[in-house]
Amino acid sequence: MVEADEVLDTSGLSCPMPVLKAKKAMDSLAPGKVLKLIATDRGSRNDIPAWAKNNGYELLESGEENGKFIFYIKKPE
Amino acid sequence: MAEEKKKKKMCIIVSKGTLDAAYPPLILASTAASMDWEVHLFFTFYGLDIINKKKYKNLKVAPIANPAMPMPVPNIIGMLPGMTAMATMMMKRMMKKGNVPSVEELINMCKEMGVKFYGCQMTMDVMGISEDDLLPVIDACLGAAGYLDIASDADVNLFI
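Description of the structure in this document.

Here is what the cut-offs are and how they apply
Residues numbered from 1 in each chain as written. Chains lettered and ligands numbered in written order. Predicted model: local features only at pLDDT ≥ 70, side-chain atom pairs only at ≥ 80, totals over all residues. Heavy atoms only, no water. Helix = DSSP H or I, 4+ residues; strand = E, 2+ residues; numbered from the N terminus. Pairing = 2+ DSSP bridges. Axes fitted to C-alpha atoms, helices over the stretch in contact; angles between N-to-C directions. Contact = heavy atoms within 4.5 Å. 1 Å grid on protein atoms, 1.4 Å probe; cavity = no way out; pocket = protein on both sides within 12 Å on 5 of 7 lines; lining within 4 Å. Points joined across faces, edges and corners; volume = space filled by probe spheres on them. Nonpolar A, V, L, I, M, F, W, Y, C, P; charged D, E, K, R; others polar. Buried area = accessible area lost by both parts, 1.4 Å probe. Salt bridge = Lys/Arg side-chain N within 4 Å of Asp/Glu carboxyl O. Phe/Tyr/Trp six-rings, centres within 6.5 Å; stacked < 30°, edge-to-face > 60°. Buried < 20%, exposed > 50% of the residue type's maximum accessible area, 1.4 Å probe, protein only.

This paragraph deals with unusual backbone geometry. The residue after Cys15(A), namely Pro16(A), is reached through a cis peptide bond having omega 5 degrees. Within the secondary structure, Pro16(A) sits in the loop between β1 (6–9) and α1 (17–27). Here the phi dihedral of Ala65(B) falls at roughly 55 degrees; this positive angle occurs in a residue that is not glycine. By the secondary structure assignment, Ala65(B) is in the loop between β2 (38–43) and α2 (75–78).

Dropping the structure here:
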């Protein structure tokens, strides 16, 4: 089970807002810390992994909970 | 380290000034910037309206000769006064309902994340637009050679 240091809920927001908000959250996160991102935008299932890869972030885990998409994203050390 | 790699780069020529055409370049630019890409937007012809102080809040979508509207309007009705305003209102309402940010919000987010904005000097001269008519987001006004120089080593080049 992955532990999150910060949680960002983007429920209800459409593309491109989830990644824009996630970027801000990651910028303020210390290296090595983990962000839990919650999204309802269905595009985020593909968008978040692509976004994380481009930023050099590690996608530790992703899944679906109660119709919401959950991602655990780690900022590199 | 990932940081030491050369950043990916995207350049977009923004040539259209309708409400629907304003979204794709701004969404792609803000998203690419959030992926740590270097992004350059080159506004030319009607695309300049998107960053025109007097016009950017009033971009419109016309139903006439536009068979792709969510509610198709016959051209003979689309030509009536007020139909463009109505179609624009409908689209703005749709975007708001979908929680899509406004054009203004997207411009601000792009700027905040370091997206570069350029005006096409030739079209500005031809259409009588000065740099003062444009939002202060503009980094420079360029011609074709200036744009090509920036775009020559981009990973993604788009014309919208």
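Here the narrative resumes, following the displayed structure.
Before going further, it helps to spend a moment on the sheet that holds strand β1 (residues 9–14) of chain B. Residue and element names in this part refer to chain B. Taken in spatial order, the five strands line up as β4-β3-β2-β1-β5 in an open sheet, and their pairing is parallel. Lying at the two open borders of the sheet, with one neighbouring strand each, are β4 (138–142) and β5 (156–159). Here the average twist between neighbouring strands, direction ignored, is 20 degrees. In this fold helix α6 (residues 144–151) packs onto β1, β2, β3 (116–120), β4 and β5, with an angle of close to 150 degrees to the strand it touches most, β1.

The next subject is the layout of surface pockets. Residue and element names in this part refer to chain B. Taken as a whole, the second largest pocket encloses approximately 330 Å³ of empty space. Forming the boundary of the second largest pocket are 18 residues, of which Tyr23, Pro101, Ser102, Val103 and Glu105 lie nearest the centre. Within the residue set of the lining of the second largest pocket, elements represented by two or more residues are α1 (19–34), α3 (83–97) and α4 (103–112). The dominant element in the lining of the second largest pocket, judged by the number of residues it contributes, is α4, at four residues. Here the residues of the lining of the second largest pocket are counted per class, giving 10 nonpolar, three polar and five charged.

A word on the environment of Glu6(A). Residue placement: Glu6(A) occurs in strand β1. Counting along the chain gives 29 residues from Glu6(A) to Leu35(A), while the straight-line C-alpha distance between them is 4.9 Å.

Attention now goes to the interface of chain B and chain A. Every contact between the two is made by 19 residues of chain B and, on the other side, 16 residues of chain A. Both faces considered, chain B and chain A share a buried interface measuring about 1,300 Å² in area, 61% of it formed by carbon and sulfur atoms. Taken as a group, Ser34(B), Met35(B) and Asn99(B) account for 36% of the area that chain B buries against chain A, more than any other trio of residues on that side. Counting across the chain B and chain A interface gives one salt bridge. With a closest N to O distance of 2.9 Å, Lys24(A) and Glu112(B) form a salt bridge.

This part takes up the packing of aromatic side chains. All names here are of chain B. Here the structure, examined in full by the defined rule, presents three aromatic pairs over all chains. Ring centres of Phe43 and Phe117 lie 5.7 Å apart, and the angle between their planes is 5 degrees; this geometry places the pair in the stacked category. Separated by 74 residues along the polypeptide, Phe43 in strand β2 and Phe117 in strand β3 bring together distant segments of the chain. A single burial state applies to Phe43 and to Phe117, both of which are buried.

Quick look at α1(A) now. Within α1(A), eight of the 11 residues are buried, which leaves the element mostly enclosed by the surrounding structure. Residues Met17(A), Pro18(A), Val19(A), Leu20(A), Ala22(A), Lys23(A), Ala25(A) and Met26(A) constitute the buried set of α1(A). The inward-facing, buried residues of α1(A) contact β1, β2 (34–39), α2 (44–55) and β4 (68–74) of chain A together with α1 and α4 of chain B.

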